[in-house]
Each structure stands twice: as C-alpha cells, then as structure tokens.
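Single-letter residue listing:
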Amino acid sequence: MDQTLEFASPLLPFVDARKAFRHEQTVEGYVPLQALKNLSAMLTDSEGRAHAVLMFRFDQDRRRRIDGELQATVNVQCQRCLEPVQITLSERFELAVVSTEAMAKDLPASLDPWLSDEETLNPADIVEEQLILCMPIVSTHQQCNAAIMQEVLEKGVGIEHNDQAEEKQASSPFSVLATLKNKPESH
Ligand SMILES: [Zn+2]
C-alpha cells in the first residue's frame, strides 16, 4: 500500500470549475465519512475521515482532468461472521470532466468520466464516488477468511453458509475468489 494520506484541514466544499483547470489547482484535505451519505450506507458506522488529493489541469488533449489519490479506513460487515471489520480503501484515480454521456463514451479506457456541466465542482462528491468504486465486493476478518479458505480446501469451491446474508454470494465461485483476494487489516 502507498504511504498514509492524512490531512489536518478539511477539503474545500466547492471548486470553481472555470478556474481550477486553468490554474492547475490542487485541493487536498479530509471529508468526514458522516458527510458521505451513500458511502456511509455501505458501512457499519460513519466514524472517521476520508483523506484525498485532487489535482485539476487540462491535459494535452484539452480534457479537463482531475487526477488524485484517496484513502479512508472504514468499518464494514464481515460477510462470514457479520461483525464489523476494519478495511482501508486506497486508490489513485484519473478522471476527465465531461458534460454529456456521449463525451464520456469517447474517453480512452484509462480515464473515468466525471459528468458535470456545473460551474462549481464538489470535491467531496468526487471522493465519495471513488471510494464507493474501490469498496471490495466481499470483506472478511482475517480469521474468517482463513476459515473460508479451510472450507474451500476441505470441500471445494461450493461453500455452504448458514447465514442468510451470505446465501446469494455463497453460490458464486467468484465471491469465493473475491473473499480470498481481499486482505483485511486486523482482527
Ligand atoms: Zn468475521
């Protein structure tokens, strides 16, 4: 994992889109997770902060680019024991601001679209969407993951669970792969 991103001051609530790209503005700071409602809905609590850097510029193709990096430590539900498990979301992103869906489709694969034709951009919205995109499909505690791996070894891929929350995922071998790939930090 990259270095820890941590800032003492909050992210700007708004960026002037008419100036930010031209002036190659860099915005960095934290957002309380409580302010990120859609992300919080996916978590077991909304304590803590997301930290992010966003760099605005025009690229050589005159695209309005927002490149950045973010990090947040969040609590999600372990898909095996259903207790909270702490995970760190950490991601670099390269966005191009587009005003239409058609422009979004024309972007090279390396760029993700950020759809906006507003004169102001809200950095927290961008951070929230990127955090949601990097949420793992399945999260487990280390010991729960070890138990799942043990079951895979013993029974093969078709894992059976008692918990109703796991029923849908248990039937898919992909969910098992996702579980194995996911590396929770502690507990
Ligand atoms: Zn667990």
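As a convention, each chain's residues are numbered from 1 in the sequence order in which they are written. The model is predicted, so local features are restricted to residues of pLDDT at least 70 and side-chain atom pairs to those at 80 or more, both for listing and for counting; the totals for chains, interfaces and linings are taken over all residues. Side-chain numbers here rest on the full set of heavy atoms in the structure, without hydrogens or water.

Bringing the environment of E47 into the picture now. Secondary structure elements are defined from DSSP: runs of H or I of at least 4 residues count as helices, runs of E of at least 2 residues count as strands, and each element is numbered from the N terminus. Looking at where E47 falls in the secondary structure, it is placed in the loop between α2 (37-40) and β3 (49-58). A simple rule labels every residue: compare its accessible area, found with a 1.4 Å probe on the protein chains alone, to the largest value its type can have, and call it buried under 20%, exposed over 50%, or partly exposed in between. Judged by relative accessible area, which is 54%, E47 ranks as exposed. When the C-alpha atoms of E47 and V74 are compared, they prove to be 7.7 Å apart, with 27 residues separating the residues in sequence. The residues contacting E47, other than those within four sequence positions of it, are L33 and Q34. Should any heavy atoms of two residues lie within 4.5 Å, those residues are considered in contact.

Between rings of Phe, Tyr and Trp, where Trp is taken as its six-membered ring, a pair exists when centres lie within 6.5 Å; planes separated by under 30 degrees are stacked, by over 60 edge-to-face, and by other angles tilted. Here the structure, examined in full by the defined rule, presents two aromatic pairs. Here F21 and F56 contribute two aromatic rings whose centre-to-centre distance is 5.4 Å and whose plane-to-plane angle is 75°, an arrangement assigned as edge-to-face. Of this pair, F21 sits in the loop between α1 (17-20) and β2 (26-32) while F56 sits in strand β3, placing them 35 residues apart in sequence. Take F21: its relative accessible area is 1%, and that puts it in the buried class. Relative accessible area serves as the criterion here: at 1%, F56 is assigned to the buried category.

Within the protein, the atoms that donate to the zinc ion are C78 (SG), C81 (SG), H141 (ND1) and C144 (SG), at distances of 2.0 to 2.3 Å. Listed donor atoms are N, O and S within 2.8 Å of the metal (Na, K and Ca: 3.2 Å). As water is not included, a site may look incomplete. Working rule for geometry: tetrahedral if four donors all subtend angles between 85 and 135 degrees; square planar for four, octahedral for six, if opposite donors exceed 155 degrees and the others stay between 65 and 115; irregular in every other situation. The coordination sphere of the zinc ion comprises four donor atoms, whose angles at the metal cover 99 to 121°; the geometry is tetrahedral. In primary sequence terms, the donor set of the zinc ion follows C-x2-C-x59-H-x2-C. With C78 in the loop between β4 (64-77) and β5 (84-98) and H141 in the loop between α4 (123-133) and α5 (142-155), this residue pair connects regions lying 63 residues apart in the sequence.

Right, let's talk about α4 for a bit. Turning to α4, its buried residues are P123, A124, I126, V127, E128, Q130 and L131. Polar contact is defined as a pair of N or O atoms within 3.5 Å, subject to the rule that within protein one atom must be able to donate a hydrogen and the other to accept it, and that residues adjacent in sequence are counted only when both atoms are side-chain atoms. Capping of α4 at its N-terminal end is provided by N122; its side-chain oxygen lies 2.9 Å from the backbone amide nitrogen of A124.

Attention now moves to the pairing of β3. Alignment of β2 against β3, held across seven bridges, turns out to be antiparallel. Residue pairing in the sheet places V27 in a bridge with L54 of β3. In short, DSSP must find at least two bridges between two strands for them to pair. The pairing of β3 with β4 spans nine bridges and is antiparallel. Bridge pairing in β4 links F56 to I66. A loop of five residues connects β3 with β4, the two strands running antiparallel in sequence, and R62 in this loop sits at a positive phi of about 60°.

Now for the side chain of Q71. With respect to the helices and strands, the residue Q71 is situated in strand β4. Owing to a relative accessible area of 7%, Q71 belongs among the buried residues under this scheme. A polar side-chain atom of Q71 sits 3.5 Å from a polar atom in the side chain of S90.

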